[in-house]
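Take a look at the letters that make up each chain.
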Amino acid sequence: NAVVDEETVSIAVLRSTMMLEQTSLKVFDAFSGQPAMAQVEIQSLPTALDIDGYAEVRLPSVDRLSFAKVHPKDPGFSDSLHLYEDSEDSIHFPLIRQAWIRHLMGTMKINTLPDTGVVVGFMPSDHFQVYLGHIANFPVDQIVYFDGQGNISEKGVRGGGFVIFNVPAG
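Computed from a predicted structure; not experimentally measured.

What to know about the overall build of the chain
In step 1: A tally of regular secondary structure across the chain gives 1 helix and 11 strands.
In step 2: Along the chain, from the amino end to the carboxyl end, the secondary structure elements read β-β-β-β-β-β-β-α-β-β-β-β.
In step 3: Referenced to the eigenvectors of the C-alpha coordinate spread, the extents of the chain come out at roughly 50 × 45 × 30 Å.
In step 4: Evaluated residue by residue, the chain yields a buried proportion of 35% over its 170 residues.

Okay, here's the thing in structure tokens:
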């Protein structure tokens, strides 16, 4: 992935390798931990994978961030885009239920704005705070924290995470 400006010469570092490393992939319900089925398109692979909870693949041994598109077989889960590190020996794809997102929106009285998206993150650490550094004065009422069971929390807690609603496209 390279960021370029229009009508400007840009420099990009391209990394490639023939070395492949064994990597385990896990697809599961984010809160129950139950394995789930999904089609996963991994940027480092030429074809999509059908994964039933767990799979082993060989990925390039390169230190870089890549993207994976996850399309759950259960329509109750949301499609998602995941960022992953190619050199990791294990990549997790937690699935989020659409009903849970709607529940958060209803409870917190959040409306969906056009041309925006939702970002969900999981944090293993205590006392974290989330903000969008590239957007000055992003409304804090669009950020919801949750605990490890998916219940709304006043702040970031160990094993929980966050949801940022109405994130502008791009």
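Re the pattern of salt bridges
In step 1: In this structure the tally under the stated criterion is 4 salt bridges.
In step 2: Note that R97 is salt-bridged to D29, the shortest N-O span being 3.4 Å. On the criterion of sequence distance, the pair formed by R97 in the loop between β7 (90-95) and α1 (98-108) and D29 in strand β1 (residues 20-29) is long-range, its members being 68 residues apart.
In step 3: On the basis of relative accessibility, which here comes to 35%, the residue R97 falls in the partly exposed class.
In step 4: Between D50 and K73 there is a salt bridge, with its nearest N and O atoms 3.3 Å apart. Of the two residues, D50 is situated in strand β3 (residues 49-52) and K73 in the loop between β5 (65-72) and β6 (80-85); the sequence distance between them amounts to 23 residues.
In step 5: Salt bridges linked by common partners bring D29, D74 and R97 together as one network.

Focus: the nonpolar core
In step 1: One finds L25, V27, V40, I42 and F93 to be the most contacted residues of the largest nonpolar core, which totals 17 residues.
In step 2: Setting aside chain neighbours within four positions, we find V27 in contact with Q34, P35, A36, A38, V40, I51, G53, F93 and L95.
In step 3: By size, the runner-up hydrophobic cluster in this structure holds 11 residues, among which are I101, L104, V144 and F146.

Some points on a nonpolar patch on the surface
In step 1: On the surface, L65, F67, L81 and L83 cluster together into a nonpolar patch covering about 400 Å² of accessible area.
In step 2: Mapped onto the elements, L81 comes out in strand β6.
In step 3: Given the relative accessible area of 56%, L81 is considered exposed.

Looking at the sheet that holds strand β10 (residues 152-153)
In step 1: Strands sit in the order β8-β11-β9-β10 across an open sheet of 4 strands; the sheet is antiparallel. The open sheet terminates on both sides in strands that have one partner only, identified here as β8 (116-122) and β10.
In step 2: Of the strands in this sheet, β8, β9 (143-146), β10 and β11 (161-168) touch α1, which is tilted by about 80° from β11.

What about the packing of aromatic side chains?
In step 1: Counted according to the given criterion, the structure contains 7 aromatic pairs.
In step 2: Ring geometry for F31 and F122: centres 6.1 Å apart, planes at 55°, overall tilted. With F31 in the loop between β1 and β2 (37-42) and F122 in strand β8, this residue pair connects regions lying 91 residues apart in the sequence.
In step 3: Classification of F122 as partly exposed rests on a relative accessible area of 33%.
In step 4: Ring geometry for F31 and F146: centres 5.6 Å apart, planes at 80°, overall edge-to-face. Of this pair, F31 sits in the loop between β1 and β2 while F146 sits in strand β9; the two residues are 115 residues apart in sequence, bridging distant segments of the chain.
In step 5: Taking the relative accessible area as the measure of exposure, F146 reaches 0% and is therefore buried.
In step 6: Positioned above the aromatic ring of F77, the side-chain terminus of R97 is 4.0 Å from the ring centre.

Procedures and definitions
- Residues numbered from 1 in each chain as written.
- Predicted model: local features only at pLDDT ≥ 70, side-chain atom pairs only at ≥ 80, totals over all residues.
- Heavy atoms only, no water.
- Helix = DSSP H or I, 4+ residues; strand = E, 2+ residues; numbered from the N terminus.
- Buried < 20%, exposed > 50% of the residue type's maximum accessible area, 1.4 Å probe, protein only.
- Salt bridge = Lys/Arg side-chain N within 4 Å of Asp/Glu carboxyl O.
- Core = buried A, V, L, I, M, F, W, Y, C linked by side-chain atoms within 4.5 Å.
- Contact = heavy atoms within 4.5 Å.
- Patch = residues over 30% accessible without salt bridge, like charges linked within 9 Å, V, L, I, M, F, W, Y side chains within 5 Å.
- Areas by Shrake-Rupley, 256 points an atom, 1.4 Å probe, with all protein chains shown as cover.
- Pairing = 2+ DSSP bridges.
- Axes fitted to C-alpha atoms, helices over the stretch in contact; angles between N-to-C directions.
- Phe/Tyr/Trp six-rings, centres within 6.5 Å; stacked < 30°, edge-to-face > 60°.
- Lys NZ or Arg CZ within 6 Å of the ring centre and 35° of its normal.

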